[in-house]
Amino acid sequence: MKWLDRDTVRAPHTTLCLSEEEFRRVAKSCKVSDPGVWMEEKSHSAVLHTWGRDGNLICVVCLHPDALAADPIEVACTLVHESVHIFQRLCDSIGETSPSKEFEAYSIESISKGLMREFKRRACQ
């Protein structure tokens, strides 16, 4: 597991899991006793899990392992989609109900970049 950069305001700890085993290890390291189901349905290509611990927001993007063989454009779109959910959860956690367009755009760009770089690192091993 590798935690990605946290460079937006009170940014969450974010990581990418490519298997249920990784997801369980992350949950254990975060002391989450009941992390929930890794992937709700096989039809989902990704899911976001969020937990709170010691005042910190933890965001775990679970990407189906089939993504390693998928069209890179589809993977990028999925990671952007999950990045929007991370941003939404971040706003909820800080009580932000009307984020500026620039805060939203830069935050989603930063979150997406971190997830894509991590996916590239993992996919090219």
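Everything numeric here is computed off the predicted structure, so don't read it as measured data. (Residues numbered from 1 in each chain as written. Predicted model: local features only at pLDDT ≥ 70, side-chain atom pairs only at ≥ 80, totals over all residues. Heavy atoms only, no water.)

### Remarks on the packing of aromatic side chains
Rules: Pairing of aromatic side chains here covers Phe, Tyr and the six-membered ring of Trp, requires ring centres within 6.5 Å, and sorts the geometry by plane angle: under 30 degrees stacked, over 60 edge-to-face, intermediate tilted. Per the convention used, a helix needs a DSSP run of H or I reaching at least four residues, while a strand needs a run of E reaching at least two, with both numbered from the N terminus. For each residue, the accessible area found with a 1.4 Å probe, counting protein chains only, is set against the maximum for its type, and the residue is called buried under 20%, exposed over 50%, and partly exposed in between.
Under the definition given, this model contains 2 aromatic pairs. Here Phe23 and Trp51 contribute two aromatic rings whose centre-to-centre distance is 5.8 Å and whose plane-to-plane angle is 35°, an arrangement assigned as tilted. Taken as a pair, Phe23 in helix H1 (residues 20-29) and Trp51 in strand E2 (residues 46-53) lie far apart in primary sequence, 28 residues in all. Each member of the pair Phe23 and Trp51 is classed as buried.

### Here's the deal with the pairing of strand E3 (residues 56-63)
The cut-off we apply is this: Here a strand pair is declared whenever DSSP counts at least two bridges between the two strands.
The element E3 is largely enclosed, with a buried count of 7 among its 8 residues. Pairing of strand E1 (residues 13-17) with E3 involves 5 bridges; the strand directions are parallel. Bridging from a neighbouring strand, Cys17 pairs with Cys62 of E3. Relative to E3, E2 is paired through 8 bridges, and the arrangement is antiparallel. When the sheet's bridge partners are listed, Leu48 is paired in E3 with Val61. Hairpin connection between E2 and E3: a loop of 2 residues separates the two successive antiparallel strands, and Asp54 in this loop has a positive phi of roughly 55°.

### Thoughts on unusual backbone geometry
You will see that Lys31, though not glycine, has its phi angle at about 60°, which is positive. Of note in the backbone geometry, Asp54 takes a positive phi value of approximately 55° without being a glycine. Among the structural elements, Asp54 can be located in the loop between E2 and E3.

### Structural notes on the sheet that holds E2
Using the following cut-off: Between N-to-C directions, angles cover 0 to 180 degrees, with each direction set by a line fitted to C-alpha atoms, over the stretch in contact for helices. Contact criterion: two residues are considered in contact whenever any of their non-hydrogen atoms come within 4.5 Å of each other.
A sheet is described by the order of its strands in space; here 3 strands give the open sequence E1-E3-E2, paired in mixed fashion. For this open sheet the edge positions go to E1 and E2, each flanked by a neighbour on one side alone. Sheet twist, expressed as the mean angle between neighbouring strand axes with direction ignored, is 20°. Where helix H2 (residues 72-94) meets the sheet, its contacts fall on E1, E2 and E3, and the angle it forms with E3 comes to roughly 160°. Sheet strands in contact with helix H3 (residues 101-123) are E1 and E3, and its direction is about 35° off that of E1.

### Some words on H1
To be explicit about the condition: Note: the arc covers the axis-to-C-beta directions of the helix.
Along H1, the positions that sit buried rather than exposed are Glu22, Phe23, Val26 and Ala27. Looking down the long axis of H1, one finds its buried residues gathered within 135° of arc, a one-sided arrangement. In H1, those exposed residues whose orientation departs by more than 90 degrees from the buried face are Glu21 and Lys28. Elements in contact with the buried residues of H1: E1, E2, E3 and H3.

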